[in-house]
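# Chains, contacts and geometry: an overview
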Amino acid sequence: MSLKVYNSLTRQKEEFKPINPPYVGMYVCGPTVSGESHLGHARPFITFDVVYRYLMHLGYKVRYVRNITDAGHFEEEGREAEDKISKKAVLEKLEPMELVQKYTNLYHWAMSQFNNLPPSIEPTATGHIVEQIEMIKKIIADGYAYEANGSVYFDVEKYNTDFSAKGQPYGILSGRVLEEQIESTRELDNQDEKRNKSDFALWKKAPAEHIMRWQSPWGEGFPGWHIECSAMSTKYLGEEFDIHGGGMDLQFPHHECEIAQSTVCNHKLPARYWLHNNMITINGKKMGKSYGNQIMLSQMFSGSHPLLDQPYAPSTIRFFILQSQYRSTLDFSNDALQGSEKALRRLMEAFEWLQQQDHIGSTGQVDPVLDEKVKKLVTEFDTFMNDDLNTAKVIANMFELVPIINSIKDKHIPAGALHTDTAGLLKKQLSIYILDIFALQSSKADNNHKLEGVLELLINIRKEAKSRKDFVTSDKIRNELAALGVQLKDEKDGGTSFTIQ
Ligand SMILES: [Zn+2]
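Residues numbered from 1 in each chain as written. Predicted model: local features only at pLDDT ≥ 70, side-chain atom pairs only at ≥ 80, totals over all residues. Heavy atoms only, no water.

Let's shift gears to the overall build of the protein. Assigned secondary structure in the protein consists of 16 helices and 16 strands. Over its C-alpha atoms the protein spans a radius of gyration of 26 Å, differing by no more than 12% from the 23 Å that the globule rule assigns to 501 residues. Projected onto the principal axes, the alpha-carbon positions of the protein cover approximately 80 × 65 × 35 Å. A total of 501 residues make up the protein; the buried ones form 51% of that total. By sequence separation, contacts in the protein at least 24 residues apart represent 74% of the contacts at least 6 residues apart. Carbon and sulfur atoms provide 51% of the accessible area of the protein, an area that totals close to 22600 Å². Side-chain charges of the protein comprise 57 positive and 67 negative groups, with the mean position of each set lying 3 Å from the other. (Helix = DSSP H or I, 4+ residues; strand = E, 2+ residues; numbered from the N terminus. Rg over C-alpha atoms; globule rule 2.2 N^0.38 Å. Buried < 20%, exposed > 50% of the residue type's maximum accessible area, 1.4 Å probe, protein only. Contact = heavy atoms within 4.5 Å. Areas by Shrake-Rupley, 256 points an atom, 1.4 Å probe, with all protein chains shown as cover. Lys, Arg positive; Asp, Glu negative; His and termini not counted. Charge placed at Lys NZ, Arg CZ, Asp CG, Glu CD.)

Moving on, we come to the coordination of the zinc ion. Within the first shell, the zinc ion binds the protein through Cys29 (SG), Cys229 (SG) and His254 (NE2), at distances of 2.0 to 2.2 Å. All donors of the zinc ion come from a single chain, and their spacing in sequence reads C-x199-C-x24-H. Pair noted here: Cys29 is in the loop between β3 (23–28) and α1 (39–57) and Cys229 is in helix α7 (residues 225–237), with a separation of 200 residues, a long-range link. Given the relative accessible area of 7%, Cys29 is considered buried. (Donors = N, O, S within 2.8 Å, 3.2 Å for Na, K, Ca; no water.)

For the coordinates displayed, the defined rule picks out 22 salt bridges. Close ionic contact of Asp490 with Arg462 constitutes a salt bridge, the shortest N to O distance being 3.1 Å. With Asp490 in strand β15 (residues 486–490) and Arg462 in helix α15 (residues 443–467), this residue pair connects regions lying 28 residues apart in the sequence. Looking at Arg462, the relative accessible area reads 3%, which means it is buried. Several salt bridges share partner residues, and in doing so they unite Asp49, Arg53 and Arg318 into one network. (Salt bridge = Lys/Arg side-chain N within 4 Å of Asp/Glu carboxyl O.)

Bringing the sheet that holds strand β12 (residues 271–277) into the picture now. Hydrogen bonds along the backbone pair up the strands of a sheet, which may run parallel or antiparallel. Spatial ordering of the open sheet is given by β4-β3-β11-β12, a layout of four strands whose pairing is parallel. Each having just a single partner strand, β4 (61–66) and β12 make up the two edges of the open sheet. In this sheet, adjacent strand axes meet at a mean angle of 20 degrees when their direction is disregarded. Examined bridge by bridge, strand β11 (residues 241–247) and β12 share six bridges and lie parallel to one another. Across the sheet, the residue bridging to Phe241 is Ala271, located in β12. Contacts between α1 and the sheet are confined to β3, β4, β11 and β12, with β4 contributing the most and set at about 165 degrees to the helix. (Pairing = 2+ DSSP bridges. Axes fitted to C-alpha atoms, helices over the stretch in contact; angles between N-to-C directions.)

Right, let's get into the domain arrangement of the protein. Accessible area lost upon the coming together of the parts is a frequently used measure of interface size. Each assigned domain of the protein is listed with its residue range as follows: domain 1 (4–277), domain 2 (282–437) and domain 3 (443–500). Between the C-alpha centres of domain 1 and domain 2 the distance comes to 34 Å. Listed as interface residues are 30 residues of domain 1 and, on the opposing side, 34 residues of domain 2. Taking both partners together, domain 1 and domain 2 bury about 2900 Å²; carbon and sulfur atoms supply 66% of that area. Three residues stand out in domain 1 for area buried against domain 2, namely Leu39, Arg43 and Tyr54, and they jointly supply 27% of the buried area on that side. (Domains from an automatic or database assignment. Buried area = accessible area lost by both parts, 1.4 Å probe.)

Moving on, we get to helix α12 (residues 368–386). With 19 residues, α12 extends 27 Å from end C-alpha to end C-alpha; this agrees with the ideal 27 Å at 1.5 Å per step. Among all positions of α12, only Leu370, Asp371, Val374, Leu377, Val378, Glu380, Phe381, Phe384, Met385 and Asn386 are buried. Turning to α12, the residues buried within the fold contact β1 (4–7), α1, α13 (391–409) and α14 (420–437). In this structure Asp367 caps α12, since a side-chain oxygen of it lies 3.1 Å from the backbone nitrogen of Val369. Two residues or fewer after α12 comes Asp388, characterised by a positive phi angle close to 55 degrees. (Expected span 1.5 Å × (residues − 1). Polar contact = N/O pair within 3.5 Å; in protein donor to acceptor, adjacent residues only side chain to side chain.)

This part is about the pairing of β12. Burial analysis of β12 places six of its seven residues in the buried class, which makes it a mostly covered element. Running through helix α8 (residues 251–266), the crossover from β11 to the neighbouring parallel element β12 is right-handed. (Right-handed = clockwise from strand over helix to strand, strands pointing away.)

Below, the structure written as structure tokens:
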């Protein structure tokens, strides 16, 4: 049975047929490294990690490209005077590249905590200025962009008129018609430079105080956000590739702009299948800086946010995300996360016990009803994943298997009730899905994470004690931890690191 995915472009489930099998090219929009990633960012990166792993499981050779936006992401759509990195660099008193490195490191750390595989190529916007300029030159030469006062804008109306005739209007992905888009565009910066309100910047002239700037045929400036993804996906995956992924919030305007830019340059739509994950809400509300409910990933792991009852291990968050199909809505709450934590522990305990058993299954005393049931439940894993990667249904089946495994463990069901082949299939399928595709961590790894959390807590108590000159308490914490084999080391920057012997 073959894989079917929901293609946002055609708004239907389609059989996945790569352009050049067994090779698959997949581009996923990466983070803007002007700050730390929050809970909302966890969903696309975990979703597409599972897509990547599943495609490899099916035997495809995948080139997975995920960019780092280290320039050009404007503070808000339409407000194009300054990009996020430049603004934050001034705020944090760091060199822009120092800021970018700091948040790239933090992002990589969070991704490894989640057990996400690194992409095959992770290109940066600043490393591809030349490619972006070349692409902009091409768009101008074809008549779909114009220069105004040192900036370059994409002519959305002209594109829409010409390409509507070819069945590819601007709005082909999001389904928005141009009039609707113009309605919703507010009166923003540089409107006088633009021919039409809906035009977007490909290149921006850098004001005198702007730190990030590059030479271009239009003077010193910096690239727009949308053009980087078109330039880098074309460079590493070709003019037409298989999958383009990202969060639903990127459909418009980001992916719509990417499609327009690439179509002008390469005379074809850049990707065949557009996959978009749904958003995470927090206690039923939209997540956002202005709502005060944006929980950073490090806060999730340490429990240090007023909305959190406790720390949540990365594996719990990963499992929580996989408990829903990627296109359904997902609401965060402490209750839901605690439910996921318990469920994951139950699943991993049953799984780890089963993996250690060599003598489950028989050929003589098989219970045919139970045997059939187990066989059906494990073969359905593939059926559900092939139906638009329905991880939720796979996990539901796993939870029908857990009580069966536990009954064998408790000897309520004889170990021979399953046929040897079924028992082997059960072990194999659980191992492939839990470890290779879902990449869930064992309960032992979860405990290690908890230990780290406890140590961080003790380090913070010691720091507070020191700050009020309570050296009896601070020394007691250090000495007693040392007696347990945990060495604390005070660093120059005021932080404390630990090593466990
Ligand atoms: Zn992008």
